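Geometric and topological summary
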Amino acid sequence: MLCADAGPAGTNLEHIRDFNRRVVLEAIRHHGKLSRAELARRSGLAVQTLSNIAAELVAAGLLLESRRPQNGRGAPSIDLALNPQGGFTFGISVDDRRLLMVLVDLTGGVRARHEEALDDVAPRPVLDRIARA
(Lines give C-alpha, C1' and ligand atoms only; values in the text may rest on other atoms or scores of the structure.)
Protein backbone atom coordinates (compact mmCIF):
# COMPACT_ATOMS: atom_id res chain seq x y z
CA MET A 1 0.00 0.00 0.00
CA LEU A 2 1.33 3.44 -0.87
CA CYS A 3 0.40 6.69 0.75
CA ALA A 4 -0.07 9.58 -1.66
CA ASP A 5 2.61 11.84 -0.20
CA ALA A 6 4.59 9.73 2.23
CA GLY A 7 5.71 6.73 0.22
CA PRO A 8 5.10 3.18 1.47
CA ALA A 9 2.75 2.86 4.43
CA GLY A 10 4.02 1.08 7.52
CA THR A 11 3.06 0.14 11.02
CA ASN A 12 4.41 1.27 14.33
CA LEU A 13 5.60 -2.10 15.65
CA GLU A 14 6.62 -0.66 19.02
CA HIS A 15 3.08 0.68 19.46
CA ILE A 16 1.69 -2.79 18.73
CA ARG A 17 4.11 -4.41 21.20
CA ASP A 18 3.10 -1.92 23.90
CA PHE A 19 -0.57 -2.60 23.19
CA ASN A 20 -0.03 -6.38 23.38
CA ARG A 21 1.84 -6.01 26.69
CA ARG A 22 -1.13 -4.08 28.08
CA VAL A 23 -3.51 -6.79 26.82
CA VAL A 24 -1.50 -9.45 28.69
CA LEU A 25 -1.25 -7.41 31.89
CA GLU A 26 -4.96 -6.57 31.84
CA ALA A 27 -5.96 -10.21 31.25
CA ILE A 28 -3.94 -11.29 34.29
CA ARG A 29 -5.24 -8.36 36.34
CA HIS A 30 -8.85 -9.33 35.58
CA HIS A 31 -8.53 -13.13 35.82
CA GLY A 32 -5.65 -13.73 38.24
CA LYS A 33 -2.97 -16.34 37.61
CA LEU A 34 -3.08 -17.73 34.08
CA SER A 35 -0.93 -20.13 32.08
CA ARG A 36 0.49 -19.03 28.75
CA ALA A 37 -2.05 -21.24 26.94
CA GLU A 38 -4.94 -19.66 28.90
CA LEU A 39 -3.54 -16.20 28.17
CA ALA A 40 -3.30 -17.00 24.45
CA ARG A 41 -6.96 -18.08 24.41
CA ARG A 42 -8.17 -15.05 26.36
CA SER A 43 -6.06 -12.48 24.50
CA GLY A 44 -6.28 -13.85 20.97
CA LEU A 45 -2.50 -13.54 20.64
CA ALA A 46 -0.45 -16.27 18.97
CA VAL A 47 1.24 -18.56 21.49
CA GLN A 48 4.72 -17.53 20.29
CA THR A 49 3.86 -13.83 20.51
CA LEU A 50 2.43 -14.34 23.96
CA SER A 51 5.47 -16.33 25.06
CA ASN A 52 7.80 -13.53 23.92
CA ILE A 53 5.72 -10.87 25.67
CA ALA A 54 5.53 -12.94 28.86
CA ALA A 55 9.31 -13.39 28.86
CA GLU A 56 9.78 -9.62 28.50
CA LEU A 57 7.33 -8.88 31.31
CA VAL A 58 8.96 -11.45 33.62
CA ALA A 59 12.42 -10.01 32.84
CA ALA A 60 11.07 -6.50 33.56
CA GLY A 61 9.78 -7.67 36.96
CA LEU A 62 6.12 -7.04 36.13
CA LEU A 63 5.10 -10.72 36.14
CA LEU A 64 6.00 -13.67 38.35
CA GLU A 65 6.07 -17.32 37.27
CA SER A 66 4.95 -20.21 39.48
CA ARG A 67 4.52 -23.91 38.74
CA ARG A 68 1.12 -25.48 39.26
CA PRO A 69 1.02 -28.60 41.43
CA GLN A 70 1.68 -31.81 39.48
CA ASN A 71 -1.61 -33.14 38.08
CA GLY A 72 -0.98 -36.45 36.38
CA ARG A 73 1.50 -36.91 33.57
CA GLY A 74 3.66 -34.32 31.91
CA ALA A 75 5.23 -31.16 33.13
CA PRO A 76 2.98 -28.91 35.20
CA SER A 77 1.85 -25.62 33.68
CA ILE A 78 3.57 -22.44 34.67
CA ASP A 79 1.23 -19.71 35.80
CA LEU A 80 1.89 -16.04 35.30
CA ALA A 81 0.75 -13.51 37.90
CA LEU A 82 1.24 -9.82 38.50
CA ASN A 83 4.25 -9.01 40.66
CA PRO A 84 3.07 -6.72 43.48
CA GLN A 85 6.62 -5.29 43.64
CA GLY A 86 6.64 -4.65 39.87
CA GLY A 87 5.29 -1.13 40.01
CA PHE A 88 3.55 1.45 42.12
CA THR A 89 1.31 4.43 41.61
CA PHE A 90 -0.19 6.99 43.90
CA GLY A 91 -3.32 9.04 43.98
CA ILE A 92 -4.03 12.36 45.59
CA SER A 93 -7.47 13.68 46.48
CA VAL A 94 -8.05 17.20 47.75
CA ASP A 95 -11.43 18.47 48.81
CA ASP A 96 -12.52 21.40 50.96
CA ARG A 97 -11.74 19.56 54.22
CA ARG A 98 -9.02 16.99 53.67
CA LEU A 99 -5.98 15.77 51.79
CA LEU A 100 -5.86 12.05 51.01
CA MET A 101 -2.88 10.27 49.44
CA VAL A 102 -2.71 6.56 48.63
CA LEU A 103 0.18 4.43 47.36
CA VAL A 104 -0.97 1.33 45.42
CA ASP A 105 1.04 -1.61 44.06
CA LEU A 106 0.63 -3.28 40.67
CA THR A 107 -2.02 -5.67 41.99
CA GLY A 108 -4.13 -2.83 43.41
CA GLY A 109 -3.03 -3.44 46.99
CA VAL A 110 -2.89 -0.31 49.14
CA ARG A 111 0.68 0.01 50.48
CA ALA A 112 0.35 3.32 52.27
CA ARG A 113 -2.36 5.83 53.07
CA HIS A 114 -2.00 9.34 54.40
CA GLU A 115 -4.90 11.58 55.35
CA GLU A 116 -4.97 14.95 57.04
CA ALA A 117 -7.41 17.78 57.62
CA LEU A 118 -7.04 20.93 55.57
CA ASP A 119 -7.78 24.40 56.80
CA ASP A 120 -6.44 26.10 53.65
CA VAL A 121 -7.06 24.64 50.19
CA ALA A 122 -5.08 27.23 48.24
CA PRO A 123 -2.66 25.53 45.83
CA ARG A 124 0.65 26.53 47.51
CA PRO A 125 -0.22 25.34 51.07
CA VAL A 126 -1.71 22.09 49.69
CA LEU A 127 1.35 21.42 47.50
CA ASP A 128 3.62 22.08 50.49
CA ARG A 129 1.69 19.53 52.57
CA ILE A 130 1.87 16.97 49.75
CA ALA A 131 5.64 17.50 49.50
CA ARG A 132 6.08 17.06 53.28
CA ALA A 133 3.97 13.89 53.34
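Residues numbered from 1 in each chain as written. Predicted model: local features only at pLDDT ≥ 70, side-chain atom pairs only at ≥ 80, totals over all residues. Heavy atoms only, no water.

The helix and strand tally for the protein chain stands at four helices and eight strands. When the elements of the protein chain are put in sequence order from the N terminus, they spell out β-β-α-β-α-α-β-β-β-β-β-α. Against the globule reference of 14 Å for 133 residues, the protein chain gives a C-alpha radius of gyration of 22 Å, more extended than a compact globule. The buried share of the protein chain, taken over its 133 residues, is 23%. (Helix = DSSP H or I, 4+ residues; strand = E, 2+ residues; numbered from the N terminus. Rg over C-alpha atoms; globule rule 2.2 N^0.38 Å. Buried < 20%, exposed > 50% of the residue type's maximum accessible area, 1.4 Å probe, protein only.)

Let's shift gears to the sheet that holds strand β7 (residues 98-105). Read from one edge of the open sheet, three strands run β6-β7-β8, paired in antiparallel fashion. One side of each edge strand has no neighbouring strand; the edge strands of this open sheet are β6 (88-94) and β8 (110-117). Neighbouring strand axes in the sheet, compared pairwise and without regard to direction, differ in orientation by 10° on average. With seven bridges connecting them, β6 and β7 associate as antiparallel partners. Bridge assignment links I92 to a residue of β7, and that residue is M101. (Pairing = 2+ DSSP bridges. Axes fitted to C-alpha atoms, helices over the stretch in contact; angles between N-to-C directions.)

Turning our attention to helix α3 (residues 47-59). Every α-helix carries 3.6 residues per turn, so stepping three or four residues along brings you back to the same face. A rise of 1.5 Å per residue sets the reference length of α3, with its 13 residues, at 18 Å; its end C-alpha atoms lie 18 Å apart and thus fit the reference within 8%. Taken together, the buried positions of α3 are L50, I53, A54 and L57. Looking down the long axis of α3, one finds its buried residues gathered within 105° of arc, a one-sided arrangement. Facing away from the buried surface of α3 by more than 90 degrees, the exposed residues are Q48 and A59. Buried-residue contacts for α3 involve α1 (13-31), α2 (36-43), β4 (63-67) and β5 (78-82). Looking one or two residues past α3, G61 carries a phi angle of roughly 85°, positive in sign. (Expected span 1.5 Å × (residues − 1). Arc of directions from axis to C-beta. Contact = heavy atoms within 4.5 Å.)

This part covers the nonpolar core. In a soluble, globular protein the nonpolar side chains are often hidden away together inside. Counting residues in hydrophobic clusters, the biggest one holds 14 residues, and the most contacted among them are V24, I28, L39, L57, L63 and L80. Listed by contribution, the elements that provide at least two residues to this core are α1, α3 and β5. Those residues in contact with L63, other than ones at most four positions away along the chain, are V24, L25, I28, A54, L57, V58, L80, A81, L82 and N83. (Core = buried A, V, L, I, M, F, W, Y, C linked by side-chain atoms within 4.5 Å.)

Glancing now at the sheet that holds β4. Strand order in the open sheet formed by three strands is β3-β5-β4, with antiparallel pairing between adjacent strands. The outermost strands of the open sheet, each flanked by one partner alone, are β3 (34-35) and β4. Of the pairings in the sheet, the one linking β3 to β5 comprises two bridges and is antiparallel in character. Within the sheet, the bridge partner assigned to S35 lies in β5 and is D79. Against the sheet, α1 engages β3, β4 and β5, with an angle of about 90° to β5.

The N-to-C vectors of α2 and α3 enclose an angle of 115°; their axes lie 9 Å apart at closest approach. For the pair α2 and α3, the sense of crossing is right-handed. Of the residues in α3, those in contact with R36, L39, A40 and S43 of α2 are V47, L50, S51 and A54. Across the contact of α2 with α3, the residue classes tally to five nonpolar, two polar and one charged. (Left-handed = near helix turned anticlockwise from the far one by under 90°. Nonpolar A, V, L, I, M, F, W, Y, C, P; charged D, E, K, R; others polar.)

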